[in-house]
Amino acid sequence: MKKTISVLLAAVCLALMCLSASAAGKLSASFDVKETPATTKLKASDIDCVEIKNIMIAEFNSEGNIIASAENGQPSYFTFKISADEGYVLDGLLIKTYASVNTFNDIECDFGLYISTTQKINYNKASRFVSGMIGKKNHKWTADSEIPDGATEIYVSVYFVNNSIHVDWIRFYTFEITATQVKKQVETESKAPETEPPAPDTEPPAVSTDDTVVTEPPVSETVTEEQPATSEIPATGPVSSSPETEPKTPETSGQDTAAPTVTDSEKPTGESGKSVVPVIIIAAAALVIIIATVALIAILKKK
């Protein structure tokens, strides 16, 4: 029972370590092989790097063993990965090494230090941060400017080709990388979209200009409506404005157009006297008839 509990606790601890490791970055990497036994082939895990090719640890002299090419004349490289913690970005990088690259007797050896955001590097095309290191000494480079803005991980790779017959013409005793990080700036990125909404506010003026264009057709329509109205109204049109009086105009086309509309008050005094004469005649005739009738009745009574 105790063994089972201890196994479970060990498993839980291992899981927690894996989780914490996934969230944590790796801001440093290093090796020191001066006291490491020689080997004809070195694996990436032997020096805690992510990629390695044609590398071995060779016995050298009293200074200690060295990292060198396993086969001269062939490309050799080792690559380290540096990553920031979760929520951080890289902002500083320092590289130090105790090493030596030599060129004698017109023998050209190749050496280059690369910094990239990808693990696979084309060494023939990619640009080098350092090239042509000569002499045995402690070398140090500050490579802050080589870190892209906002980078959370980078790869530092050492590439070399030893074209001599000696194992020690390109050799490394120690190698050390140290990076720094800062808190990731997320506030400026989230605020950026807030400045974008004003753009739609500039669109309504375009709608107002369209409205002014739309109002042009009604103007032409009113003009066409007014044209037939003016063609039907006679020269004396202002006398009558209702449509009912318009059909009557053809009937009086042969007569004086002013006669039908003249009132009695507007007639000459002579014309009004003529209209009174028949009324007087009719009244006199009626009076004569009444007198004659009364006289006839009186005569008959006497008889």
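Heads up: the structure comes first, above all this text.
Residue indices begin from 1 for each chain and proceed along its sequence in written order. It should be noted that, the model being predicted, local features are given only for residues of pLDDT at least 70 and side-chain atom pairs only at 80 or more, the latter also being counted only at that level, while totals for whole chains, interfaces and linings use all residues. The side-chain numbers reported here are obtained from all heavy atoms of the structure, hydrogens and water having been left aside.

Asker: Sorry if this is basic, but what is going on with the overall build of the protein here?
Answerer: Helix and strand definitions follow DSSP, with helices as H or I runs of at least four residues and strands as E runs of at least two, each counted in order from the N terminus. Looking only at helices and strands, one finds 6 helices and 11 strands in the protein. Per-residue burial over the protein gives 24% buried out of 303 residues. Only the protein chains shown count as covering a residue, and every accessible area follows the Shrake-Rupley method with a 1.4 Å probe. Entry remark: accessible area of the protein is about 20,800 Å², with carbon and sulfur atoms responsible for 59%. When accessible area is computed with a 1.4 Å probe and restricted to protein chains, residues below 20% of their type maximum are described as buried, those above 50% as exposed, and intermediate ones as partly exposed.

Asker: In this structure, what is going on with the nonpolar core? I would like to understand it.
Answerer: General note: in soluble globular proteins, nonpolar side chains tend to be found buried as a group. In plain words, nonpolar cores are sets of buried Ala, Val, Leu, Ile, Met, Phe, Trp, Tyr and Cys residues tied together by side-chain atoms within 4.5 Å. Ranked by size, the top nonpolar core spans 38 residues in total, and within it Ile67, Phe78, Leu93 and Phe172 carry the most contacts. For this core, the secondary structure elements donating two or more residues are strand S1 (28-32), strand S3 (55-61), strand S5 (76-83), strand S6 (88-101), strand S7 (110-116), strand S10 (153-161) and strand S11 (170-183). By size, the runner-up hydrophobic cluster in this structure holds 6 residues, among which are Tyr77, Tyr114, Ile121 and Tyr123.

Asker: Got a minute to help me understand the sheet that holds strand S2 (residues 51-53) in this structure?
Answerer: Within a sheet, neighbouring strands are paired by backbone hydrogen bonds and run either parallel or antiparallel to one another. By the convention used here, strands pair only if DSSP detects at least 2 bridges between them. An order of S2-S5-S10-S7-S8 is seen for the 5 strands of this open sheet, with the pairing classed as antiparallel. Every interior strand has two partners, whereas the edge strands, S2 and strand S8 (130-131), have only one. Judged from the 2 bridges that link them, S7 and S8 form a sheet pairing that is antiparallel. Looking at S8, one finds that Leu113 is bridged to Val130.

Asker: In this structure, what is going on with the pattern of salt bridges? I would like to understand it.
Answerer: By definition here, a salt bridge exists when the distance from a side-chain nitrogen of Lys or Arg to a carboxyl oxygen of Asp or Glu is within 4 Å. For the coordinates displayed, the defined rule picks out 7 salt bridges. Between Glu63 and Lys136 there is a salt bridge, with the nearest N and O atoms lying 2.6 Å from each other. Remark: Lys136 occurs in the loop between S8 and strand S9 (137-142) and Glu63 occurs in the loop between S3 and strand S4 (64-69); sequence separation between them is 73 residues. When its relative accessible area of 31% is taken as the criterion, Glu63 is described as partly exposed. One salt bridge connects Lys81 with Glu153, and the closest N-O pair in it is separated by 3.3 Å. Residue Lys81 is found in strand S5, and its partner Glu153 is found in strand S10; the two are separated by 72 residues along the sequence.

Asker: So what exactly am I meant to see when it comes to the pairing of S10 here?
Answerer: Looking along a regular strand, one sees the side chains alternate between the two faces of the sheet. Summarising burial for S10: 8 of the 9 residues are buried, a large majority. One ladder, built from 7 bridges, connects S7 with S10; its direction is antiparallel. Among the inter-strand pairings, Gly112 is bridged to a residue of S10, identified as Tyr159.

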